[in-house]
Each structure stands twice: as structure tokens, then as C-alpha cells.
Amino acid sequence: MNWDAGRFTPPARLAVIGDPIAHSRSPQMHNPALRACGIDAQYIRVQVPVGHVAQAFRQFAACGFLGVNITIPHKFEALDAVDVLDPLARQLGAVNTLAIRDGKLHGYNSDGPGFLRSVKEAFGAEVKDLRVLILGAGGGAGRAVAVQCALEGCPQLVLANRTTAKAEALAAEVSKLSPQTKVKVIAWTDEAVAAEMDGTDLLVNATSLGMKSGDAKLLPAEAVTARHHCFDMVYRADGETPLLADAKQACAKVVDGLTLLLHQGAISFEHWFGRPAPLEAMRAGLRDAVMA
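Cut-offs applied
Residues numbered from 1 in each chain as written. Predicted model: local features only at pLDDT ≥ 70, side-chain atom pairs only at ≥ 80, totals over all residues. Heavy atoms only, no water. Helix = DSSP H or I, 4+ residues; strand = E, 2+ residues; numbered from the N terminus. Rg over C-alpha atoms; globule rule 2.2 N^0.38 Å. Contact = heavy atoms within 4.5 Å. Buried < 20%, exposed > 50% of the residue type's maximum accessible area, 1.4 Å probe, protein only. Disulfide = S-S within 2.5 Å. Core = buried A, V, L, I, M, F, W, Y, C linked by side-chain atoms within 4.5 Å. Pairing = 2+ DSSP bridges. Axes fitted to C-alpha atoms, helices over the stretch in contact; angles between N-to-C directions. Salt bridge = Lys/Arg side-chain N within 4 Å of Asp/Glu carboxyl O.

Colleague: How should I be thinking about the overall build of the protein chain in this particular structure?
Modeller: Helix and strand counts for the protein chain stand at eleven helices and twelve strands. Relative to the globule expectation of 19 Å for 292 residues, the C-alpha radius of gyration of the protein chain, 19 Å, shows essentially globular dimensions. If you line up the protein chain on its principal axes, its C-alpha atoms span 55 × 40 × 35 Å. Considering only contacts in the protein chain between residues 6 or more positions apart, those separated by 24 or more positions represent 71%.

Colleague: How should the environment of leucine 130 be read in this particular structure?
Modeller: Within the fold, leucine 130 resides in the loop between helix H5 (111-123) and strand S7 (131-135). Separated by 37 residues in the primary sequence, leucine 130 and alanine 167 place their C-alpha atoms 20 Å from one another. Leave out the neighbours within four places in its chain, and leucine 130 touches Val119, Ala125, Cys154, Pro155, Gln156, Asp201, Leu202 and His229.

Colleague: For this particular structure, what's the right way to read the side chain of threonine 259?
Modeller: Inspection of the secondary structure puts threonine 259 in helix H10 (residues 257-273). Looking at threonine 259, the relative accessible area reads 15%, which means it is buried. The contacts of threonine 259, once residues within four sequence positions are left out, are Ser118 and Glu121.

Colleague: How should the state of the cysteines be read in this particular structure?
Modeller: Disulfide: a covalent bond connecting the sulfur atoms of a pair of cysteines. Counted by the stated rule, this structure contains zero disulfides. Summary of cysteine pairing: cysteine 154 is not part of a disulfide, and the nearest cysteine sulfur, belonging to cysteine 149, is at 4.9 Å. Owing to a relative accessible area of 0%, cysteine 154 belongs among the buried residues under this scheme. This cysteine, cysteine 251, is not joined by any disulfide, and cysteine 230 carries the nearest cysteine sulfur, 12 Å off. Judged by relative accessible area, cysteine 251 falls into the exposed class, the value being 59%.

Colleague: Before we go on, may I ask you to explain helix H1 (residues 26-36) in this structure?
Modeller: Along an α-helix, residues three or four apart share an orientation, since each turn contains 3.6 residues. By the criterion of burial, H1 is predominantly enclosed, with eight of the eleven residues buried. Those residues of H1 not exposed but buried are Ser26, Pro27, Met29, His30, Asn31, Pro32, Ala33 and Leu34. On its buried face, H1 is in contact with strand S1 (12-18), strand S2 (42-47), strand S3 (67-70), H10 and helix H11 (279-291).

Colleague: What exactly am I supposed to notice about the environment of aspartate 288 here?
Modeller: With respect to the helices, strands and loops of the structure, aspartate 288 is situated in helix H11. Classification of aspartate 288 as partly exposed rests on a relative accessible area of 49%. Sequence spacing of aspartate 288 and lysine 104 is 184 residues, and the spatial spacing of their C-alpha atoms is 35 Å.

Colleague: What is the right way to read the nonpolar core from this model?
Modeller: Across soluble globular proteins, you tend to see nonpolar side chains buried next to one another. Counting 31 residues, the largest nonpolar core has Phe115 and Ile134 as its most contacted members. Put simply, the parts of the chain that give this core at least two residues each are helix H4 (87-92), H5, S7, helix H6 (140-152), strand S8 (156-161), helix H7 (164-177) and strand S10 (202-205). When residues of this core are assigned to their parent elements, the largest contribution, six residues, is made by H6. Here isoleucine 134 is in contact with Gly142, Val145, Ala146, Leu157, Val158, Leu159, Ala160, Val204 and Ala206, once residues within four sequence places are set aside. By size, the runner-up hydrophobic cluster in this structure holds 23 residues, among which are Ala12, Ile17, Val48 and Phe65.

Colleague: In this structure, what is going on with the sheet that holds strand S5 (residues 97-101)? I would like to understand it.
Modeller: Backbone hydrogen bonds hold the strands of a sheet together, and the pairing may be parallel or antiparallel. Pairing in this open sheet of six strands is mixed, and the strands run S2-S1-S3-S5-S6-S4 from one edge to the other. Of all strands in the sheet, those with a lone pairing partner are S2 and strand S4 (84-85), marking the two edges. Helix-sheet contacts for H1 involve S1, S2 and S3, and the interaxial angle to S2 is about 160°. Sitting on the sheet, helix H2 (residues 53-62) touches S1, S2, S3, S5 and strand S6 (104-108), and the angle it makes with S1 is about 170°.

Colleague: Would you explain the side chain of threonine 200 in this entry?
Modeller: Note that threonine 200 resides in the loop between helix H8 (190-196) and S10. In contact with threonine 200, not counting residues within four places along its chain, are Arg131, Leu133, Arg227 and His228.

Colleague: Got a minute to help me understand the pattern of salt bridges in this structure?
Modeller: Where charged atoms from two side chains of opposite charge come close, those side chains can pair. In this structure the tally under the stated criterion is twelve salt bridges. In this structure, the salt-bridge partner of glutamate 121 is arginine 283, at a minimum N-O distance of 3.1 Å. Linking glutamate 121 in helix H5 with arginine 283 in helix H11, this pair joins segments that are 162 residues apart in sequence. We classify glutamate 121 as partly exposed; its relative accessible area is 36%. When salt bridges with common partners are traced through the structure, they connect Glu121, Glu280 and Arg283 into a single cluster.

Structural measurements only, silent on function.
Rendered as C-alpha cells:
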């Protein structure tokens, strides 16, 4: 967890932490943004072991860092390591963005807002107008999407998860956030998911399935049609995920996790600097990183 921030030129003032972290493409996205805005700072990766997030945050503050992004598996640990917790982060139950101001640690979550921006950019649609089906609703990403959809007041929210009890607990929670949203839990089987697709506008994969070659398919290819919007929260550097490949074959509209990463990064930048992010510089950096 030790690092020498002073050996970087420009100086390291932002970071992403995780365990592991070497795979993160966040530096290739944020450093072009810093250069585009003339900010004399650099964004780096720092591996932090589980159980050491609070200690790392204190070290970052002592070294003059402005902020940190938090990825797997530290989002829940970070929740208890901040001084000031944003209300949305509290509702989503995780922190993935830290802003350090006057020595105080401010915790935010960009998962839900980044999801909304991604849907708007990719599909030209608002979540509040869409009937949403989430695959993998029991995990952190699925929870963030479900809560955000309920906060937006979407007309219908269907939750599918391998462990039904987790989806049922989440359904009870989000039902309280939006009484007008019809919330339903289904078993994650091909038959149950396929039966819901006629009444679904937006399909969301909130699992890690599809990231690696050989991963099992999420649902039968024929379940997706041209009228569907498909949002895969993961992405692959070596091509499309199986879900998006099937969706494109069906002429459905698609978006993958790179767009989500871009908008999450832009939201973090806004928290750190109080100004709009240079989105196109970040997009170009991320695209070049993936193609490298």
C-alpha cells in the first residue's frame, strides 16, 4: 500500500484503489482529462488490501491528494471510512468516489448517476419511462441500478438473481422508494426471464458474466428482439460480450460497461474539481486504452 507520490511528474494527486488494481483503465481516462484542463496533477493506481481502506484514505489526505476512485472489493468498506457521506451513496449502500476537502473525507457513489447518463447517451431515453429487467440484482452493481431506477420512478422493475432471497430483500427496499413502480422478483431461469421480455424495454446485465471467454450465456439469444435496449455493465477488450453480440444480431440497441465507466469518471471529476469534465478527452483516452 506504500507509494511515493512525489516521484511522479506531474505529482500524483488522484488515484484508483482496488485489490487487484493493475487492470484498471481509469488512469488512461483521467490523465487526458487533467491535461485537457491544464491541471498539474496525475492519476495513479494503488493496490490496497482488504481491511486497509480507512488507513489508505488517511495516507492519501496526508499526501495532499484531491480524491480517489474505489473499485472492487472496497466499495462497502469505503462507506464506513469517510467523514461525510452523500445521501445517494447512503441509499446505494456503497462509496466509489472520495473527494478530500480541507482534510475531510467526502464519500459519493457514481454508479447510479453514471447509469442514468449512459442510458440517456446510448438510447436517447430516460429511465423513468422504461420498464427495466435486471439480471444479477443481488450484487452491488445490481443494487445501485435498482435503487436508481426506483428513485427515477420507472413504471416497472423486474429483479432476477441466482439467490432469490437477496432479490426479494432488495425488492422490499426499492418498493418503499417509489410506490408507483411495480416491482417483481423472478427466478433466474431461461424460461422465467424469457417470459418477462415482452414487457421489458431495458435489459441490464449487472453481473460479471460475459467478461471472460467461455462465460455462460445470460439468457436465450432469441429472447432479445429489435425493440429492446440492452445494457451490459461489463465490457471485453477482445470484442463484444455474448449478450451484446446476440442483441446486435437481433438489431437491438446496445451499450457496454465502457460507457458506464466514462460517465462514472466524469461524475468523479465533477466532485473533485467542481466543473464539467472534458468528456471527449476522457472518451478518447479510454478508447485508446482498450484498443492498445
